[in-house]
Number of protein chains: 4
Amino acid sequence: MHDREYVITFGCPDRTGIIARIASFLAEAGGWIVEAAYHTDPDTGWFFTRQVVRADSLPFDVDELRARFAGVARSLGAESDWRIDDTAERHRVVLLVSREGHCLYDLLGRVSSGELDADIRAVIGNHDVLADITRAHGIPFHHVPFPTDAEDTAGEAAAFDRIAELVDEHDPHAVVLARFMRILPPALCEAWAGRAINIHHSFLPSFVGARPYHQAHTRGVKLVGATCHYVTADLDAGPIIEQDVIRVDHTDSVTDMVRKGRDIEKVTLARGLRWHLEGRVLVHGDRTVVF
Amino acid sequence: MHDREYVITFGCPDRTGIIARIASFLAEAGGWIVEAAYHTDPDTGWFFTRQVVRADSLPFDVDELRARFAGVARSLGAESDWRIDDTAERHRVVLLVSREGHCLYDLLGRVSSGELDADIRAVIGNHDVLADITRAHGIPFHHVPFPTDAEDTAGEAAAFDRIAELVDEHDPHAVVLARFMRILPPALCEAWAGRAINIHHSFLPSFVGARPYHQAHTRGVKLVGATCHYVTADLDAGPIIEQDVIRVDHTDSVTDMVRKGRDIEKVTLARGLRWHLEGRVLVHGDRTVVF
Amino acid sequence: MHDREYVITFGCPDRTGIIARIASFLAEAGGWIVEAAYHTDPDTGWFFTRQVVRADSLPFDVDELRARFAGVARSLGAESDWRIDDTAERHRVVLLVSREGHCLYDLLGRVSSGELDADIRAVIGNHDVLADITRAHGIPFHHVPFPTDAEDTAGEAAAFDRIAELVDEHDPHAVVLARFMRILPPALCEAWAGRAINIHHSFLPSFVGARPYHQAHTRGVKLVGATCHYVTADLDAGPIIEQDVIRVDHTDSVTDMVRKGRDIEKVTLARGLRWHLEGRVLVHGDRTVVF
Amino acid sequence: MHDREYVITFGCPDRTGIIARIASFLAEAGGWIVEAAYHTDPDTGWFFTRQVVRADSLPFDVDELRARFAGVARSLGAESDWRIDDTAERHRVVLLVSREGHCLYDLLGRVSSGELDADIRAVIGNHDVLADITRAHGIPFHHVPFPTDAEDTAGEAAAFDRIAELVDEHDPHAVVLARFMRILPPALCEAWAGRAINIHHSFLPSFVGARPYHQAHTRGVKLVGATCHYVTADLDAGPIIEQDVIRVDHTDSVTDMVRKGRDIEKVTLARGLRWHLEGRVLVHGDRTVVF
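Looking up chain A in an unreviewed UniProt entry gives the name Formyltetrahydrofolate deformylase, with the organism given as Saccharomonospora amisosensis. One UniProt comment on chain A, placed under Pathway (unreviewed entry), says "Purine metabolism; IMP biosynthesis via de novo pathway; formate from 10-formyl-5,6,7,8-tetrahydrofolate: step 1/1." Looking at chain A in UniProt, the text filed under Sequence similarities (unreviewed entry) is "Belongs to the PurU family."

Asker: Teacher, can you tell me more about the domain arrangement of chain A here?
Answerer: Frequently, the measure chosen for interface size is the accessible area that the parts lose on association. Residue and element names in this part refer to chain A. On domain assignment, one finds that chain A holds domain 1 (5-86) and domain 2 (91-290). The distance between the C-alpha centroids of domain 1 and domain 2 comes to 31 Å. Domain 1 puts 13 residues into the contact, and the matching count from domain 2 is 7 residues. Both faces combined, the contact of domain 1 with domain 2 buries some 810 Å², and carbon together with sulfur accounts for 55% of it. Between domain 1 and domain 2 we count 3 salt bridges in total. One salt bridge in this structure joins Glu35 and Arg280, with 3.1 Å as the shortest N-O distance. Run the count over domain 1 and domain 2 and you get 5 residue pairs in polar contact (both at pLDDT 80 or more). If you tally residues by element for the side of domain 1 that touches domain 2, the top one is strand S3 (residues 46-54), at 4 residues. Across the side of domain 1 that touches domain 2, the residue classes break down as 4 nonpolar, 4 polar and 5 charged.

Asker: Quick question: what am I supposed to make of the side chain of A:Gln243 here?
Answerer: Mapped onto the elements, A:Gln243 comes out in strand S11 (residues 240-247). When its relative accessible area of 0% is taken as the criterion, A:Gln243 is described as buried. Only 2.9 Å separates the side chain of A:Gln243 from the backbone oxygen of A:Leu204, close enough to count as a polar contact. A polar contact is formed between the side chain of A:Gln243 and the side chain of A:Thr227, at a distance of 3.0 Å. Those residues in contact with A:Gln243 that lie beyond four places of it in its chain are A:Phe203, A:Leu204, A:Ala226, A:Thr227, A:Thr268, C:Val221, C:Lys222, C:Leu223 and C:Arg247.

Asker: Can you help me understand the relation of the copies chain C and chain D in this one?
Answerer: These two copies of the chain differ by a rotation about an axis and a displacement along the same axis. The two copies are related by a screw motion: chain C maps onto chain D through a turn of 180 degrees and a shift of 0.0 Å along the axis, at an RMSD of 0.0 Å. Put plainly, the chains are arranged around a two-fold axis. Of all interface residues in chain C, 100% are interface residues in chain D too; the two copies therefore contact each other through one and the same surface.

Asker: I keep staring at the interface of chain C and chain A and nothing clicks. Help me out?
Answerer: Contacts between the two partners involve 33 residues from chain C and, on the opposite side, 33 residues from chain A. Taken over both partners, the interface formed by chain C and chain A buries close to 2,800 Å², and the fraction arising from carbon and sulfur atoms is 55%. For the interface between chain C and chain A, the tally reads 4 salt bridges. For C:Glu242, the salt bridge goes to A:Arg247, with nearest N and O atoms at 3.0 Å.

Asker: Mind showing me how you'd approach the UniProt feature "active site" (unreviewed entry) in chain A here?
Answerer: Listed under "active site" (unreviewed entry) in the UniProt record, and renumbered for this structure, are A:Asp236. In this fold, A:Asp236 is placed in the loop between strand S10 (223-230) and S11. Relative accessible area serves as the criterion here: at 8%, A:Asp236 is assigned to the buried category. Ignoring sequence-local partners within four residues, the contact set of A:Asp236 consists of A:Asn198, A:His200, A:Leu204, A:Val208, A:Gly209, A:His229 and C:Arg219. Within the structure, A:Asp236 has its side chain in polar contact with the backbone nitrogen of A:Gly209 (distance 2.9 Å).

Asker: In this structure, what is going on with the environment of D:Ala20? I would like to understand it.
Answerer: When you line up the elements, D:Ala20 lands in helix H1 (residues 18-28). The class of D:Ala20 is buried, set by a relative accessible area of 9%. When the C-alpha positions of D:Ala20 and D:Ala67 are compared, they lie 19 Å apart, and in sequence the two are 47 residues distant. Apart from residues lying up to four places away in sequence, D:Ala20 is in contact with A:Ala23, A:Ser24 and A:Ala27.

Asker: When you look at the sheet that holds strand S9 (residues 196-200) of chain B in this model, what are you seeing that I'm missing?
Answerer: Consider a sheet: its strands pair through backbone hydrogen bonds, and that pairing is either parallel or antiparallel. All names here are of chain B. If you trace the 7 strands from one edge of the open sheet to the other, you get S7-S6-S5-S8-S9-S10-S11, paired in mixed fashion. Bordering the open sheet on either side are strand S7 (141-143) and strand S11 (240-247), each of which pairs with just one other strand. The average undirected angle you get between the axes of adjacent strands in this sheet is 20 degrees. Sheet analysis places strand S5 (residues 91-97) next to strand S6 (residues 118-125), joined by 7 bridges and oriented parallel.

Asker: What is the right way to look at the side chain of D:His39 in this model?
Answerer: Mapped onto the secondary structure, D:His39 falls in strand S2 (residues 33-41). On the basis of relative accessible area, D:His39 is assigned to the buried category, the value being 9%. A distance of 3.3 Å separates a polar atom in the side chain of D:His39 from the backbone oxygen of B:His250. Beyond its immediate sequence surroundings of up to four residues, D:His39 is in contact with B:His250, B:Thr251, D:Trp46, D:Phe47, D:Phe48, D:Val289 and D:Phe291.

Asker: Sorry, what's going on with the state of the cysteines here?
Answerer: Put plainly, a disulfide is one covalent bond tying together the sulfur atoms of two cysteines. Residue and element names in this part refer to chain B. The final tally for this structure, using the stated rule, is 0 disulfides over all chains. No disulfide involves Cys103; its sulfur sits 9.4 Å from that of Cys228, the nearest cysteine. Classification of Cys103 by relative accessible area gives buried; the value is 1%.

Asker: It is not clear to me how the UniProt feature "domain: ACT" (unreviewed entry) in chain A should be interpreted in this structure. Could you clarify?
Answerer: This chain's UniProt record puts "domain: ACT" (unreviewed entry) on residues 7-83 of chain A. Helix makes up 32% of residues 7-83 of chain A and strand 35%, with an end-to-end C-alpha separation of 8 Å.

Parameters and conventions
- Residues numbered from 1 in each chain as written.
- Chains lettered and ligands numbered in written order.
- Predicted model: local features only at pLDDT ≥ 70, side-chain atom pairs only at ≥ 80, totals over all residues.
- Heavy atoms only, no water.
- UniProt positions renumbered as here; feature names shortened; annotations may be inferred.
- Domains from an automatic or database assignment.
- Contact = heavy atoms within 4.5 Å.
- Buried area = accessible area lost by both parts, 1.4 Å probe.
- Salt bridge = Lys/Arg side-chain N within 4 Å of Asp/Glu carboxyl O.
- Polar contact = N/O pair within 3.5 Å; in protein donor to acceptor, adjacent residues only side chain to side chain.
- Helix = DSSP H or I, 4+ residues; strand = E, 2+ residues; numbered from the N terminus.
- Nonpolar A, V, L, I, M, F, W, Y, C, P; charged D, E, K, R; others polar.
- Buried < 20%, exposed > 50% of the residue type's maximum accessible area, 1.4 Å probe, protein only.
- Least-squares fit on C-alpha atoms with pLDDT ≥ 70 in both.
- Pairing = 2+ DSSP bridges.
- Axes fitted to C-alpha atoms, helices over the stretch in contact; angles between N-to-C directions.
- Disulfide = S-S within 2.5 Å.

Now the structure itself:
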């Protein structure tokens, strides 16, 4: 159990004195900074920071911190591009799955051991093969079948409506597509913007879309990869949080690539989700700053 | 479900004509070779091969194959340094665990999805925190507590006797120390020689023994690793099957190193175990050939 | 100085008895096999092998070996898909360069130390900035300027004619585009098929064409890569020999990516070239087998 | 050519308000911070920062900046644990080499292309095989032979005296042991403390001392590595700046490991040297903070 902390993330146009302004505000309140990271994008001239302050070093609570910091932000021209999280509030997560269980197993193991500090509120599957392992962890599993007829767009829309309903009742900090294998409709991409995280089983931008390991095998690449990214309406084109690769060779069939790739998918997703929940990922256009 | 295959592993002093002798034997019987690997150690002049033959290409069964191959082996001077496995026989595995669950979760997930073709017959823990997840998979969990008094060597010996009894009733192809954290007594190292597989949480030979991540942190290394190896009576010095590393930096506390290291431990163990079960690992002195 | 060896590479449709046929042929002649590798592509049913035989173990010379092996190959249905190289013949290499010197420096260093056993016969540059370092190694440098007017296709064709002339007089085993930055005309791709090797500064198939690091920066990827491949008329789409990647993050500008990427480019090219010269790379359609 | 910058590195016991104090000092002078990094070591409670300020944003020169910053440092209890570098001053480097040229080639290539902004003032070798390539770059090469008789300690001491003399006349920012293969005497370790950088051809703390690739081969490891570290009187035990590894397997002889390892050695040394010269490496006891 680590100490209660407040996590400030902030962005504004770069100029002289921003660090001094924020640091002085915190210092005057007695704030003990345990982590501080800064970055300026030279192309856009945008300044980013993430600061972690020990809660018990401040003489007021998080609401008062937010109220006071709003003045600082305003004075720096950042009306809304900031946030203060309280680590005392556990992060609510909803997972969307299909048949493949490696990412689910991996996340359940991390939460179960206390390594990943998240409250998995529900798992939703378009198949039910992962219901038992989910429920063995005391987590509700909702089976939302999709129409088998690919032309049945009304049925698909209804399924997504049901999913949205199940997700939204938890107001989650993260909606994780843990190998969900279905393309989110644009309305959900928008509703969950900045919170929906996907793991794509290729090193994007290579092999967008369906069956990336088949595409990789056909092209004869010598490494396969995985990409954790925010979901946007543009398929597999959202801001990238994390990527990794693993070596393959001519002896690897598509099945072997799938197997090797899984090991990369699960750790890449877990890293990306951790960083998202810890407020380490700041989106800037199509790219991310990961502090 | 892949096809039934016979896996031949063989070693003998190198000389001209070994490949021809084995290949001709198989060809004459109509054997369809689906994988063939060869290696000669130039230091010791030892020849190694692993060959995989489709069972349905041979006009006789595995016992007959063994009987006939014995003659080939004898003619090449290899009375006993060979083995023929039948993939129709499922590999029996017993896991030894303690409190840390990441390797157990990982292996259960792989077996559950069918990725790892193994029959986990039992999990034995000196603590019982991993009993529930084990039993949720329909696998027996045996809690064998160890004496809390470190001086109680009789109590420790009795605990190991109980473990040996529980393990040996399954005659397992592999006894996996999945972060078991106890040193096997020499008698068990000998009894399970070539079958007991450990995952050590460092890049051996660095940081032998206890608390390797603490040692790594103190030394200020920039990568931490994991080593999957056969257990011998010489602590952490058995033949290495597989190793991997992950990057760390000055911001990583020991706790962070432990967390990052787990991701390497579990995949390194899983790879090593798979290769062992598939007959890909040939031990040669203190080293391994991994086909 | 290692021993003189004959390197056999061979491909034919898979069937029972190929290994036995080749191994028996060699065994009967007393051939001492020091390396043997086999692979069958399950999709196409094509069999590949590479075998290395000690020259002094055979009672005849390489021409006789070729003559006799032709009969073996014919009997297995492989009229022409095989080759026997003699390591006593040094590999002739011609390098094409532009302004960027990191690959050239790297290869010169490897040849100079004896690590890479190749005879660099000439370096040809469309700029002359790398002339001095080339000549300091006693290697001829040819400056073949290209027209500055991008519309001057006749001038460009003349430059390529001059390059072809300079290259072809050495009948090289490899024509290496060591960051040459010009697209070879189709006629040269064809003339040098299987011998022209390019290093592309991205993890293909991502970021084909010009300025891949700029593309990578814009996309916000978390790793950049390099690809060593055979040149074909289809830009950056030839069979891949080797790839590697290196981690980047939000602090890396395009310039930083270029710098980090260079370290990957040069080792990836060096590995690919070594494997090519050692006869380890067998092309099969759009893919490669690398023994 | 990038802009002229001042690089501030600073360490002191952690407490509230350090960032504010430094940032406010810079902001009041109009200082434009282009990079800022902070770290606190939780074990020792030590605070570290590195800040990069655009020279043209300050109304005074670097000497005045140093004079003023001394007051800030004093007020934070850091009399001497800080430094301000001016990027207008080129970094002077002296290289010590032996017979192996891969690190020298690599550094010469980087400096020659402008990638590494360093002024290599001299190369000193105990053999002269690398004299030609050094001089081809217009850099003086000094051959300082060592006695062939290992018992001739007076001769060895005289050789080191000559080296010290040759090095010290340049007052270098870095003395790089680019595979020098000789153990520096304690007096030189002390004289060059924090400036002498070695590349050791193993993943330390594994395989300290002589012939690490032989040790690695004997132990049967599956990865070999390289370590760039500051030289101290304790052999191969100085603070680690950077490490990297590359995969090997049972087919790799010691010679192969040496060859593969070289690719890691040269990039690891180049990264470590770059970071040192850019003031990114802060030593803290036996470990380093690398910003």
